[in-house]
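Fold and geometry: a report
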Amino acid sequence: MSHRTHPGRLVVAAAIVDRLPGACPPSELLCAARAYPSEHAGQYEFPGGKVEPGETPTAALMRELVEELNLTVRLGDEILPTPDLAVEPPMPTAPADTFETAHFPEDDQPAWPAMHGHRMRVWLAQPADTPPRLGAAHAAVHWVALDQVGTLPWLPADLPILEVLRHTITDPTG
C-alpha cells in the first residue's frame, strides 16, 4: 500500500558507512548536519540531492556527493522503504511527453517519503578514495559509531530510514 497517491519529485541520498556490509560489518556512519534552511540547520540527514532531468538516480547521487562532500563512493544495496511508508513511482502509463516520465529515467521504484512532498531513494555507500570534505550544504560532517547515531537530531523524514539501516546492518538476514 502506498503512503501517497501522487508521487513527488525524486531525490536521492546515501547512507555512507566506513565499509559496505560483508565479512566485516560497517561500524560507523558518515553523519551530515544541514547548514540551511534555518528551520533545519543542525539537523542530520543522509547527504544527497535532487535528480535532474535526464539523470538516472545513481548518476544523480554520485554527482550530488561530489558537489556536497567532494566524495566519490562505491555504491552498495539500496535501502528499500518499508511497505507502510513506500511512495510509488510515477505511473509508467503516463504519456511519454510528461515531465515525470520523459526526463527521469529509471525512476521506477518505490521510495521513502521526504520533505516537501519529495520521494527519496537511499543507497548504502562506502568512500572510494579521499575522505569527505565539508561543503556549503552542511554545517558539520563526521563519522559516528552506528550504536550512537540515534542520539543525533535527525530530520524526521530520515528517522525510519536510519532505523531500517541499523536493523539491516545488525541483522542482514532480515
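See above for the structure.
Residues numbered from 1 in each chain as written. Predicted model: local features only at pLDDT ≥ 70, side-chain atom pairs only at ≥ 80, totals over all residues. Heavy atoms only, no water.

1. So, the overall build of the chain
Worth spelling out the cut-off: By definition, any uninterrupted DSSP run of H or I lasting at least four residues is a helix, any uninterrupted run of E lasting at least two residues is a strand, and each is numbered from the N terminus. Burial classes follow relative accessibility: with a 1.4 Å probe on protein chains only, a residue under 20% of its type's maximum area counts as buried, one over 50% as exposed, and anything between as partly exposed. Throughout, a contact is declared for two residues whenever any of their heavy atoms are within 4.5 Å. Here the accessible surface of atoms and residues is derived via Shrake-Rupley with a 1.4 Å probe, and residues count as covered only by protein chains that are part of the display.
Regarding its fold elements, the chain presents three helices and eight strands. What you see in the chain, going N to C, is helices and strands ordered as β-β-β-β-α-β-α-β-β-β-α. Per-residue burial for the chain yields a buried fraction of 42% across its 174 residues. Sequence-distant contacts in the chain: of pairs separated by 6 or more residues, those separated by 24 or more amount to 75%. Total accessible area computed for the chain in this model is approximately 8900 Å², and 58% of it derives from carbon and sulfur atoms.

2. Digging into the nonpolar core
Going by this rule: As used in this record, nonpolar core signifies buried Ala, Val, Leu, Ile, Met, Phe, Trp, Tyr and Cys residues forming a set joined through side-chain atoms within 4.5 Å.
If you look at the biggest cluster of nonpolar residues, it comprises 27 residues, and the most contacted ones within it are Leu29, Phe46, Ile79, Trp154 and Leu165. At the level of secondary structure, the elements contributing two or more residues to this core comprise strand E1 (10–16), strand E2 (28–34), strand E7 (119–127) and helix H3 (159–170). Here this core takes five residues from H3, the largest share from any one element. Leaving out residues up to four positions away in the same chain, Phe46 has contacts with Ala13, Ala14, Ala15, Leu29, Trp154, Asp158, Ile161, Leu162 and Leu165. Listed in part, the 16 residues of the second largest apolar core include Ala14, Ala60, Leu71 and Trp123.

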